[in-house]
Amino acid sequence: MSTIKVNKIENTATADGGIAIDASGHVTVDGQQLPTSGALFARNKIINGSMEVAQRGTSSTSNGYVSLDRWFVNQSGGSTTFSQETFAAGSEIGSLKNYAKLDVTTSSDFTHIRQLIEDVRTVPAGTVTVSFYAKGTSPAGGLAVSMVQDFGDSGSSDVDIAAQTVTLTSSWQRFDLQFTVPSISGKTINANSYFQVAIGQGSNTGTTAFELNITGVQLEVGEKATPFEHRSYGDELARCQRYYFTLADGNNKQFAAGGYYSSSVFVATVHFPVSMRAVPALDYETGTDYYRIWSNNTFDDFAAFSGLRTNLTSAGIDTSTGTGGTQGSGGVITTLTTTAYVAWDAEL
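Small disclaimer: the values here were computed from a predicted structure and weren't measured.

Caption draft 1: View of the nonpolar core. Among the nonpolar cores identified, the biggest contains 36 residues, and Ile113, Phe132, Met147, Phe195, Leu212, Ile214 and Leu219 are the most heavily contacted of them. The set of elements that each furnish at least two residues to this core consists of β8 (98–106), β9 (112–118), β10 (126–137), β11 (143–150), β12 (159–166), β13 (173–181), β14 (194–200) and β15 (210–221). Looking at this core element by element, the count peaks at 5 residues for β15. Core analysis: the second largest hydrophobic core is formed by 22 residues, Ala248, Ala268, Phe305 and Ile333 among them.

Here it is as structure tokens:
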């Protein structure tokens, strides 16, 4: 077999574009990096790296999973506002419409956002690359990017992968960092294992305020950052719904059909749009007359309900508190206030 050794192939009429090959054999086409390892499709291990999906709402000052899907806010004693933002038309970065803002008024060590990637085996041993667009002001010690291998419930001890830092400016920049993921050979891996990526303040204990604006977050196997892998909103939403599914949010939202099992118990069934990661917990807002059953040409308002017979693909709803109707009559349930919501949570 013959071998042609070149470092670039291009048209004779131009010096732009073409195919370039570096000394390590990595290939770019028209200036765009090709993957150095793994598949061409489904490279990005991060879900909602485009910051498009926000089932819980677009802004929150709380700790935890509070706004943008799959992103956990770790306040760690600090004070934060985490929000979904939208680029002004024509100012988008990397063809991305949205970005996340972490506005930290008082910081602490490990005040950051993080994502837990299901199953520690999802990110294999070897070199991986994290890339993202960001701007803002750096936290004490610089903006830290770190990783953790967690081996699940009663599994092997966590393995921390040393953080790397970058410096933010007032202008958008594309950062890419390479990390070496240790082998999991010999580890005990149990349920709820994950691979964590955290971005924010690292171990520095400074309390200085900072602001992180970030989008286009990608984690991929290989030594080079490829262009951000765009997915449709529908695809991204379905990926998020494996972990959290909002059925109804806001006033006058019809969300379930069922019937009166007895004069005081109304039951309904909800089917999830995708199979959830684990049997989910019901998450909803309760309050006086937050919900209404329409049945038999009348209505019945109530405050609370419970989830029954929940599995990976469906759940039952039991409104046995404060309801009354005609046994055997069918009906539908709606929300009655802007603060009402009904969701199911299977986050790691």
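Let us keep going from here.
Caption draft 2: Molecular detail of the sheet that holds β12. Reading across the sheet, the 5 strands line up as β6-β9-β14-β11-β12 and stay open at both edges, with antiparallel pairing between neighbours. Whereas interior strands pair on both sides, the edge strands pair on one side only; in this sheet they are β6 (72–74) and β12. When the angles between neighbouring strand axes are averaged without regard to direction, this sheet yields 20°. As paired elements, β11 and β14 share 7 bridges and run antiparallel to each other. Residue pairing in the sheet places Ala144 in a bridge with Gly200 of β14.

Caption draft 3: Examining the packing of aromatic side chains more closely. Going through the model one piece at a time under the given rule, you end up with 17 aromatic pairs. Between Tyr65 and Phe72, the aromatic rings sit 5.1 Å apart at their centres with planes inclined by 85°, giving edge-to-face as the arrangement. Using a relative accessible area of 16% as the deciding quantity, one classes Tyr65 as buried. Taken together, a centroid distance of 6.2 Å and an interplanar angle of 80° make the contact between Phe255 and Tyr291 edge-to-face. Taken together, the residues span a long stretch of sequence, with Phe255 in strand β17 (residues 254–262) and Tyr291 in strand β20 (residues 291–295) at a distance of 36 residues. Taking the relative accessible area as the measure of exposure, Phe255 reaches 8% and is therefore buried. Following the ring pairs from residue to residue traces out a cluster consisting of Phe255, Tyr284, Tyr290, Tyr291, Phe302 and Phe305.

Caption draft 4: Broad picture of the pattern of salt bridges. Per the stated rule, a full pass over the model turns up 9 salt bridges. Note that Arg43 and Glu220 form a salt bridge whose closest N and O atoms lie 3.6 Å from each other. Remark: Glu220 occurs in strand β15 and Arg43 occurs in the loop between β4 (32–33) and β5 (59–60); sequence separation between them is 177 residues. Residue Arg43 shares its accessibility class with Glu220, and that shared class is buried. With a closest N to O distance of 3.0 Å, Glu236 and Arg231 form a salt bridge. Classification of Glu236 as buried rests on a relative accessible area of 2%. With a relative accessible area of 11%, Arg231 lands in the buried category.

Caption draft 5: Structural context of the environment of Gly250. Take Gly250: it is sitting in the loop between β16 (244–249) and β17. For Gly250, a relative accessible area of 9% translates into the label buried. Here the alpha-carbon distance between Gly250 and Ala340, two residues 90 residues apart in the chain, equals 5.5 Å. Apart from the residues lying within four places of it in its own chain, the contact partners of Gly250 are Thr335, Thr337, Thr338 and Ala340.

Caption draft 6: The arrangement of helix α1 (residues 233–241) in detail. Here α1 has its buried residues at Glu236, Cys240 and Gln241. The buried residues of α1 occupy one face: seen down the axis, they fall within an arc of 135°. Looking at the buried side of α1, the elements it contacts are β16.

Caption draft 7: Local environment of the sheet that holds β16. In space, the 3 strands of this open sheet follow the order β16-β25-β19, with antiparallel pairing throughout. Where the open sheet ends on each side, the last strands, each with one partner, are β16 and β19 (281–284). Neighbour-to-neighbour, the strand axes of the sheet open up by a mean angle of 20°, direction not taken into account. Of the strand pairs in this sheet, β16 and strand β25 (residues 341–345) are connected by 5 bridges, and their pairing is antiparallel. Directly across from Asp249, in β25, lies its bridge partner Tyr341.

Conventions and cut-offs
- Residues numbered from 1 in each chain as written.
- Predicted model: local features only at pLDDT ≥ 70, side-chain atom pairs only at ≥ 80, totals over all residues.
- Heavy atoms only, no water.
- Core = buried A, V, L, I, M, F, W, Y, C linked by side-chain atoms within 4.5 Å.
- Buried < 20%, exposed > 50% of the residue type's maximum accessible area, 1.4 Å probe, protein only.
- Helix = DSSP H or I, 4+ residues; strand = E, 2+ residues; numbered from the N terminus.
- Pairing = 2+ DSSP bridges.
- Axes fitted to C-alpha atoms, helices over the stretch in contact; angles between N-to-C directions.
- Phe/Tyr/Trp six-rings, centres within 6.5 Å; stacked < 30°, edge-to-face > 60°.
- Salt bridge = Lys/Arg side-chain N within 4 Å of Asp/Glu carboxyl O.
- Contact = heavy atoms within 4.5 Å.
- Arc of directions from axis to C-beta.

The values reported here are purely geometric and, on their own, carry no functional implication.
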